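Survey of secondary and tertiary structure
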Amino acid sequence: MNMHHPKPSFTVLTSNTEPKKPKKNGLFVIGLPLVGLLFVFSLYQLQFDYSRIAEGFVKLADIVQVMFPPDFSEWRHVLLAAIESLQVAILGTVLGILIAFFLSFLAASNLTPHPFIAWIIQSAASLLRAIPTVVWALIFIVSVGLGSLPGVLAITVSAAGMLIKVFAQSLEEIDKGVLEAMQATGASWIAIVMQGILPTVKTAFIAWCVLRFEGDLGESTILGAVGAGGIGYELTHAMKSYNFAGALFVGLVIFIMVFSVEFVANRYKMKLKVRSH
Amino acid sequence: MNVVQMQSARKMKRAQTIMFLIVLLALVIWSSIGTEFSLSALFAGVGESLRFIFFDFLPPDFSSLPMLLEPAMQTIYMSIVAMVIGSIVAGLLSFLAAATTSPHPYLQVFVRAATSLFRNIPVVIWTILLVAAFGLGTIVGTMSLILISIGMLTRSFAEVLEEIDMGQVEAVRAAGGGYFQVLSQAVIPQFMPGFIGWSLYNFEINVRASTIVGMVGGGGIGFILQSNLKLFQYQKASMAVLLVLVIVLVVEMITNRVRERII
Amino acid sequence: MMSLLQVEGLSKIYPDGTKALDNLNLEIHPGEFVVVIGPSGAGKSTLLRSLNRMIEPTNGKIRFKGKETMGIKGKKLREMRRHMGMIFQGYNLVTRVSVLKNVLHGRLGYMSPLKGALGLFSKADTEAAKNMLQRVGLYEQIYKRADELSGGQQQRVGIARALSQKPDLILADEPIASLDPASSETIMHYLYTICKEEGIACLCNLHQVDIAKKYATRIIGIHQGSKVFDGTPEELTDDMIRLIYNQIQPKVKETA
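First, a word on what this report is: a plain description of the structure on this page.

Basis of the calculations
- Residues numbered from 1 in each chain as written.
- Chains lettered and ligands numbered in written order.
- Predicted model: local features only at pLDDT ≥ 70, side-chain atom pairs only at ≥ 80, totals over all residues.
- Heavy atoms only, no water.
- Pairing = 2+ DSSP bridges.
- Helix = DSSP H or I, 4+ residues; strand = E, 2+ residues; numbered from the N terminus.
- Axes fitted to C-alpha atoms, helices over the stretch in contact; angles between N-to-C directions.
- Contact = heavy atoms within 4.5 Å.
- Buried area = accessible area lost by both parts, 1.4 Å probe.
- Salt bridge = Lys/Arg side-chain N within 4 Å of Asp/Glu carboxyl O.
- Polar contact = N/O pair within 3.5 Å; in protein donor to acceptor, adjacent residues only side chain to side chain.
- Nonpolar A, V, L, I, M, F, W, Y, C, P; charged D, E, K, R; others polar.
- Buried < 20%, exposed > 50% of the residue type's maximum accessible area, 1.4 Å probe, protein only.
- Parallel < 35°, antiparallel > 145°, perpendicular 65-115°, else oblique.
- Left-handed = near helix turned anticlockwise from the far one by under 90°.

Two strands in a sheet stick together by hydrogen bonds in their backbones, pointing the same way (parallel) or opposite ways (antiparallel). All names here are of chain C. With mixed pairing, six strands are arranged side by side in an open sheet as β6-β7-β8-β3-β9-β10. The open sheet terminates on both sides in strands that have one partner only, identified here as β6 (84-87) and β10 (226-231). Across this sheet, the average inter-strand angle for adjacent strands is 20°, counted without regard to direction.

And the structure:
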């Protein structure tokens, strides 16, 4: 056996003073007890009546019992309402996408004609985003009346609010060199967008749109609860008239709608993942 | 692939894209007919809305602010309680729901199915159901938020667990570590950043959702907003909306700060 | 000399039908430094993982320290594993915790499940772990997070972790495959000298024949799951190396 092993190519540190033990991560030491404290404080402030909770569970068990079997008798009505919700979601999302698509070019810091324009659009988008969809729905109901139009508008507004932000983010991630190279060839602005920018961001944009539609369908099924049409109204109506078995059927339809879209979207996401590898 | 194959693949792809666009257009037209939607209705609607927002809705009635503070705080309390309970329960469930850590595949499927029910049935439906049993108020609001928190977080946590580096798990196992030792020493350290990040995001979602939960009887600021609108007190309502806006933005700012620190 | 590890007729067929190990026999004596060489996919990694049962072998007998280890489960399996340290190609450190904690993970096999789960390592274990890190020249780094270290440093933590198990045998799976030549030299140096000083036997998978020849007391060549060479570094001729790496299977010839 060969005994001439070379010395390791670095000097071994043999200091005997132990390095200082670093302070524990402050976030855990302060953060965890803080969250615990907040939790206890919140619980105290909410002043729950715990006997009411206990009684409620008994009542809940009763209700659940009456729910079974679900009442399918109103199926024609419920399905029509479900379709309306679906249509509201499609229209709202598509309109939101269209608006966001055009505005995101003005909102992206690397493409905007002027930083001020980008700032205005970004702020407006975050305003649209921060107000929950249902609140928008209520505002639109008051201004244009009941029906599906306020639902479409509400979804359009909140979808646009979110998509402007994420579209602009995707655009800002585009390699500066690519844009420069295209500008150097003397390509027009529209040509740069069509040939250089869109192919780069296409996948990300589509993925965001799918994600948004998933969320919007969920939103549109409940907008009816505040009067914006669709299947949500059927549910509130059934519950208010103590028709729990009917309500369960409506709930099932909503679950199937939302779940199947999540399922399809997941499949699509997988496909994207596979392709990007 | 030779040139001919590539060309035909390209043609296929183009045909697919065109098909997709046609289907999408058909869906949009179908939806427009179904909802009696038209561009003129859209523009009329937008005009109406703008008129309403700027003349009836604004400016907010600041004198109603003191009355709104308590419901606003309730909204935050409910969101905190739901986040803590939701993330603890989902934290435990996610270990059963993730392929990498689940003790048994059947258990995994069961937990996934149950939590998908919480997630895919919109929160308002849970609230409406719970109101029937527990009556109006913050109990129902908190419970609804807990349900959606569990639904959302179990899926997100399980995804985090499925993306952990199995090499680290292997090393602890090879050193003779048992199931719980592997979990605590190799899995949880990798899990913590995702756990905190998703819990914070869940807090944001809860704050937003609590508005609508309140509207259908779950207490908090949504309830006030709803009753203001019903009573045509639009400027009080716009004050409530402004407050929701402020809360959402402040919460978003705080959670972003914390998130930056843990990464 | 009594053998430390005895393997007879070890086979592993994966569910997809891949035959990773084919009736393999092997013996390791205390204190030996055995290097396993062979092309990628020859079954080197499967062999090592079959020995500590991270992979369940399909067939065969394994005797470790005079005890039959095939089929044992639970507590007994973990007891067996704690006497076999393992070093990985990808280091496999828990990157988000400290270097010291990573070395202490080597003690988990000795602790009660509860104590281990809570990470309540004893003072003696902690001191021993610090000593171990000093030996691999990482004393300054003990409280750093594992992912702050370079690859070579991480692998030294891996060695310290394996050593803190107080093993009789170390299984090293391509310990230097992801390292640059200088770091590789350092790692092999530490692995070799510490094993020698502590009298630990080592079974080490390697890609590089020159390094294998330099450190090994014995070399084993594996091709397509079968042992095709077992001898001293001197006996490993160039022809033999060609055979191990380019051996043409007669079966393939026939079907072609």
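When the parts of a complex come together, some accessible area is lost, and that lost area is often taken as the interface size. Taken together, the contacts link 66 residues of chain B with 64 residues of chain A. For the chain B and chain A pair, buried surface summed over both sides reaches about 5500 Å², with 79% attributable to carbon and sulfur atoms. Where chain B meets chain A, there are two salt bridges. Taken together, chain B and chain A are joined by seven residue pairs in polar contact (both at pLDDT 80 or more). Per-class residue counts for the side of chain B that touches chain A are 46 nonpolar, 14 polar and six charged.

With that out of the way, let us pick up the pattern of salt bridges. Residue and element names in this part refer to chain C. The full count for this structure, using the stated rule, is 22 salt bridges over all chains. Here K65 ties to D168 by a salt bridge, and the two come within 3.0 Å at their closest N and O atoms. On the criterion of sequence distance, the pair formed by K65 in the loop between β4 (59-64) and β5 (67-68) and D168 in the loop between α6 (151-164) and β7 (169-172) is long-range, its members being 103 residues apart. What makes D168 partly exposed here is its relative accessible area of 24%. D230 is the partner of R218 in a salt bridge, and the nearest nitrogen-oxygen pair spans 2.8 Å. Of the two residues, R218 sits in strand β9 (residues 218-223) while D230 sits in strand β10, which places them 12 residues apart along the sequence. Because the salt bridges share partners, they merge into one network encompassing E32, R218, K227 and D230.

In this assembly, 20 residues from chain B lie in contact with 30 residues from chain C. Carbon and sulfur atoms supply 55% of the area buried between chain B and chain C, which totals about 1900 Å² over both sides. Summed over the shared surface of chain B and chain C, the result is one salt bridge. The partner of E170 of chain B in a salt bridge is R49 of chain C, and the shortest N-O contact between them spans 2.4 Å.

What follows deals with the side chain of S104 of chain A. Residue and element names in this part refer to chain A. Here S104 is to be found in helix α3 (residues 75-107). Classification of S104 by relative accessible area gives buried; the value is 0%. Here S104 is in contact with I164, F167, A168 and L171, once residues within four sequence places are set aside.

With that out of the way, let us pick up the packing of helix α7 (residues 166-174) of chain B against helix α8 (residues 179-218) of chain B. All names here are of chain B. Close contact between α7 and α8 brings their axes to 9 Å; oriented N to C, the two are set at 155°. The pairing of α7 with α8 is recorded here as roughly antiparallel in orientation. Crossing handedness for the pair α7 and α8: right-handed. Along its contact with α7, which presents Q168, V169, V172 and R173, the element α8 presents Q181, V182, A186, V187 and Q190. Taken together, the residues of the contact of α7 with α8 sort by class into five nonpolar, three polar and one charged.

Interpretation in functional terms is not warranted from these geometric data alone.
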